[in-house]
Amino acid sequence: MQMLRKILPAAGLLLLAVLPLLPVPEFWITQLNYIGMFALVSLGLVLLTGVGGLTSFGQAAFVGLGAYTTAVLSTRWGLSPWVGLVAGIAITIVVALILAWLTLRMSGHYLPLATIAWALSLNYTMGNMEFLGKYDGLQGLPSLSLLGMDLSGGRALYGLIWVIALLAAWGVKNLLDSRPGRAIRALNGATTMAEAMGVSTFRYKVVIFVLAAVLAATSGWLYAQFQRSVNPSPFALKMGIEYLFMAVVGGVGTVWGAFVGAGVVKLIEDQLKELLPALLGSSGNYEIIVLGVVLVLMLKYAPKGLWPFIETALRRWWPAVPRPRDWEGAAPLPLRDKPAPGELLLDVDRLRKQFGGLVAVNDVSFQIRAGQIVGLIGPNGAGKSTTFNLVSGVLSSTSGQVSFRGQPVSGLASRLIARRGMSRTFQHVKMIADMTVLENVALGGYLRGSSGSMRAMLRLDRQEEQRLFKEAETQLRRIGMAEQMHELAGNLALGPQRLMEIARALCTDPALLLLDEPAAGLRHKEKQALGDVLRQLKQEGLSILLVEHDMDFVMGLTDRIVVMEFGTKLIEGTPAEVQASPEVRAAYLGTEH
Ligand SMILES: Nc1ncnc2c1ncn2[C@@H]1O[C@H](COP(=O)(O)OP(=O)(O)OP(=O)(O)O)[C@@H](O)[C@H]1O
């Protein structure tokens, strides 16, 4: 059985490889060629839409860009199709960068609308330029050859198409399991957290946008070699919608879903093209209507597509194995310069935040010195979380100054503040639910690594990955969560999720740790353990700013406490001073009890 499990995938791959040598009808080879080319585009959408959350209807236009570039270069200037491939990718990168710059800062429905706009305009350009042969397109592309082998014809191209498609799948899979990949996986719903870990989320939006465009253009190049001609219709908006449809049907967040989606849509569409006109007695693009209905049903009943069902079935044969723990011998990550004990670390000076007429933080000032644990307390709505967000750069202040390690940081993006050594957790836990605890914590080490997307895709980043995972495990062990490192973060209870956030923040190697209600949701024993960890961190020289409602926890842990009420600092002092203060009693008793 064990043997069979190992042999089966290899046998499947072998069958795929030798298929064109077997007496398989040309029709099926052609189908498989289309599936491979469509899967390549759909793979880009897995990255862009499924993982990154950026919906694009415009991928067909990039397919067209790849196809037209090689067609023009080979038919008008007689250049080799290989030059066409390189030029097509280069032009696509330039166009994608310009479009990304123009559109990727848009939010909500504006981005999909923008993708429709450029899909239409690129398609009209193809159809109206004399130079591109207008709607007739360009014919007579020269045949492709590789190392003296003639690759014209479906059977000959089959190998190239599938090698490229599978290599692309391998690259995308590698990318998603890497330092940049973890940042990319944060794009869909966890951007605030990723930015606080030092990630430029805009940069990664551009990266996946360009990558998806390059995959589409490569598919277009293959398409042009396959057809030996190009015209605008296969690159129209309708096809852009179909590519998205393939990604959704297959399983928009999964690499193999791209292949399943491409296969299922292509095969169903072909059947419908024959069946529907026969049933309805007239010809027309009726299959689009059926596909549209299927899409709506899928989005309602199986929004994650078909792949999760297939995966569940496959898991019986190939159970999921935890990530191998291969980082034991990895070198530790570099540490930052730490402030000297007693050094002024954080200086908050008359910080103010207004939301319209509401003054959420009203000219609040306080300081933290290196090695201190400072508590920020106050009744609900006092402005504690807002103060946190202002200090860490998640919100910009209306007025006032924040200096960190002697440098002004007001107005800086949170990722730039993170770079200087401030790290935080969130009142409402922010994580990537479908990543393991270990991977979530490793995202905290983002700034301590440097591997880019290219290295990750080629899997040249393994040494750095081992160092990052070793650090992540160390931090998890520190807060007593090493046993849960292979669990999916979304499956944890709220308490452990909060602890995981602390481990992630520690993974940044901070000089100042900002903890927003770290003990909420923890059991008594867990709270005690957390208190011990924080004391230990303090002994190691770390400074902590802590928002917390559990008074016993705060009083037993902090050196100083800042009390806020209605956005204003009520008093500041040692825990004993604060406990003895009649104002504080009034604030709490008056509002909470
Ligand atoms: N984005 C926002 N827009 C408008 N008002 C806001 C916004 N964020 C916070 N507020 C308001 O600012 C005030 C302070 O909120 P904040 O969340 O900072 O309080 P808090 O002390 O952290 O409270 P809690 O302990 O309940 O978390 C509240 O009145 C809140 O409604």
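Residues numbered from 1 in each chain as written. Predicted model: local features only at pLDDT ≥ 70, side-chain atom pairs only at ≥ 80, totals over all residues.

1. Observations regarding the overall build of the chain
Which entries qualify depends on this criterion: Here a strand is any run of E in DSSP of at least two residues, a helix any run of H or I of at least four, and the numbering for each starts at the N terminus. Partly exposed residues are those falling between the two cut-offs: more than 12 but fewer than 20 other C-beta atoms within 10 Å of their own, whereas 20 or more means buried and 12 or fewer means exposed, with C-beta atoms placed from the backbone.
Helices and strands together make up the secondary structure of the chain, namely 23 helices and 14 strands. The C-alpha extent of the chain, read off along each of the three principal axes, is 90 × 60 × 45 Å. With 593 residues in all, the chain has 47% of them scored as buried.

2. Describing helix α4 (residues 81-103)
Inclusion rule: Helices are assigned an expected span. That span is 1.5 Å times one less than the residue count.
Taking 1.5 Å per residue as the helical rise, α4 with its 23 residues ought to reach 33 Å, and the 31 Å between its terminal C-alpha atoms agrees with that figure. Among the residues making up α4, those that are buried are P81, G84, L85, G88, T92, A96, L99 and T103.

3. Observations concerning the packing of helix α2 (residues 26-51) against helix α6 (residues 154-176)
Heads up, the condition is: Between the N-to-C directions of two axes lies an angle of 0 to 180 degrees, each axis being a line fitted to C-alpha atoms and, for a helix, fitted only over the stretch in contact. Angle categories: roughly parallel below 35 degrees, roughly antiparallel above 145, roughly perpendicular from 65 to 115, and oblique for all the rest. Handedness of a helix crossing follows the sense of rotation of the near helix relative to the far helix, less than a right angle counterclockwise being left-handed and clockwise being right-handed. The nonpolar class holds Ala, Val, Leu, Ile, Met, Phe, Trp, Tyr, Cys and Pro. Asp, Glu, Lys and Arg form the charged class, and all remaining residues, Gly among them, are polar.
Between α2 and α6, whose axes approach to 9 Å, the crossing angle comes to 20°. For the element pair α2 / α6, the angle class is roughly parallel. Two packed elements cross with a definite hand, and for α2 against α6 that hand is left-handed. Here the contact of α2 with α6 is built from residues that sort into 19 nonpolar, four polar and two charged.

4. Observations regarding the nonpolar core
Here is the rule we go by: Structurally, a nonpolar core is described as a collection of buried Ala, Val, Leu, Ile, Met, Phe, Trp, Tyr and Cys residues joined by way of C-beta atoms within 7 Å. An automatic or database domain assignment supplies the residue ranges for each domain. Remark: residues whose backbone-derived C-beta atoms lie within 7 Å of one another are considered to be in contact.
Counting residues in hydrophobic clusters, the biggest one holds 172 residues, and the most contacted among them are L43, V46, A212 and A503. Among the elements that make up this core, the one with the highest residue count is helix α9 (residues 201-227) (17 residues). If you count residues domain by domain, this core takes at least three from each of domain 1 (29-235) and domain 2 (344-436 + 493-592). For L43, the residues in contact, after removing those within four places along its chain, are A168, A169, V172, L215, V255 and A258.

5. Some remarks on the sheet that holds strand β11 (residues 512-516)
Keep this limit in mind: One requirement defines pairing of two strands: DSSP has to find at least two bridges between them.
One open sheet holds the six strands; their spatial order is β10-β11-β12-β7-β13-β14, and the pairing between them is mixed. Pairing within the sheet leaves two strands with one partner each, and these edge strands are β10 (422-424) and β14 (568-573). Averaged over all neighbouring strand pairs, the angle between strand axes comes to 15°, with direction disregarded. Where strand β7 (residues 373-377) and strand β12 (residues 543-547) come together, four bridges link them in parallel fashion. Considered in β12, the bridge of G375 is made with L546. Packed onto the sheet, helix α14 (residues 384-391) meets β7, β10, β11, β12 and β13 (560-565) and runs at close to 150° relative to β11.

6. Describing the site of the ligand
Convention followed: For each residue, a C-beta atom is positioned from the backbone; the residue is called near a molecule or strand if that atom sits within 6 Å of it.
The ligand sits among F355, L358, A360, G378, N380, G381, A382, G383, K384, S385, T386 and Q427. When the residues that make up the shell around the ligand are grouped by side-chain class, the tally is four nonpolar, seven polar and one charged.

7. Looking at the domain arrangement of the chain
According to the domain assignment, the chain consists of domain 1 (29-235) and domain 2 (344-436 + 493-592). Placing the centre of domain 1 and that of domain 2 at their C-alpha centroids yields a distance of 46 Å. Among the secondary structure elements, those contributing two or more residues to the side of domain 1 that touches domain 2 are α7 (179-185) and α8 (191-196). Of the residues contributing to the side of domain 1 that touches domain 2, the split by class is six nonpolar, three polar and three charged.

8. Topic: the pairing of β11
Looking along a regular strand, one sees side chains alternate from face to face of the sheet. Rules: Crossovers are described as right-handed under a simple rule: with the strands pointing away from the observer, the path leading from the first strand over the helix to the second runs clockwise.
Among the five residues that make up β11, five are buried, leaving the element largely enclosed by the rest of the structure. Every second residue of β11 is oriented toward a common face, with L512, L514 and D516 on one face and L513 and L515 on the other, all of them buried. Where β10 lies against β11, three bridges are found, and the strand directions are parallel. In the sheet register, R424 faces β11, and the bridge partner there is L514. Pairing of β11 with β12 involves five bridges; the strand directions are parallel. Within β12, the residue paired with L513 across the bridge is I544. In this view, the connection linking β11 to its parallel neighbour β12 by way of helix α20 (residues 524-539) has right-handed handedness.

9. Structural notes on unusual backbone geometry
Although it is not a glycine, R350 sits at a positive phi angle of roughly 45°. Tracing the sequence through the fold places R350 in strand β5 (residues 344-355). With 12 C-beta atoms counted inside 10 Å, the residue R350 sits in the exposed group. You will see that R405, though not glycine, has its phi angle at about 50°, which is positive. The topology assignment puts R405 in the loop between β8 (399-404) and β9 (407-408).

10. Regarding the packing of helix α3 (residues 59-76) against helix α10 (residues 237-250)
One can describe the packing of α3 onto α10 by two numbers: an axis separation of 7 Å at closest approach and a directional angle of 115°. Judged by the angle between their axes, α3 and α10 are roughly perpendicular. Of α10, the residues touching α3 (which contributes Q59, A60 and A61) are L237, M239, G240 and Y243. When grouped by side-chain class, the residues that make up the contact of α3 with α10 number five nonpolar, two polar and no charged.

11. A word on α3
Since one α-helical turn is 3.6 residues long, residues separated by three or four positions face the same way. Spanning 18 residues, α3 covers 25 Å between terminal C-alpha atoms, matching the ideal 26 Å at 1.5 Å per step. Where burial is concerned, most of α3 is hidden: 16 out of the 18 residues are buried. Looking at the residues trailing α3, positive phi occurs at G78, about 65°.

12. Focus: the sheet that holds β9
Strand order in the open sheet formed by four strands is β6-β5-β8-β9, and the pairing between neighbours is antiparallel. The open sheet has two free edges, formed respectively by β6 (358-369) and β9, since each of these has just one partner strand. In the sheet, β5 pairs with β8 via five bridges, with the strands oriented antiparallel. Within β8, the residue paired with D347 across the bridge is S403. Here α14 sits on the sheet in contact with β5, β6 and β8, set at roughly 120° to β5.

13. Some remarks on the confidence of the model for the chain
Going by this rule: The predictor reports its confidence for every residue as pLDDT, a score running from 0 up to 100.
This prediction gives the chain a mean pLDDT of 89; 98% of its residues lie at or above 70. The lowest-confidence element of the chain is helix α23 (residues 582-592), averaging 71 in pLDDT; the highest-confidence one is helix α16 (residues 437-443), averaging 97. Reported confidence for the predicted complex is 0.94 by ipTM and 0.90 by pTM.

14. Description of the environment of V296
Mapped onto the fold, V296 is located in helix α12 (residues 286-301). The class of V296 is exposed, set by 10 C-beta atoms lying within 10 Å. For the pair V296 and F131, spaced 165 residues apart in the sequence, the C-alpha separation amounts to 40 Å.

15. A look at the pairing of β8
For β8 and β9, the ladder comprises two bridges, and the chain directions are antiparallel. Looking at the pairing, S403 lines up with P408 of β9. Hairpin connection from β8 to β9: two residues lie between these consecutive antiparallel strands, with R405 at a positive phi of about 50°.

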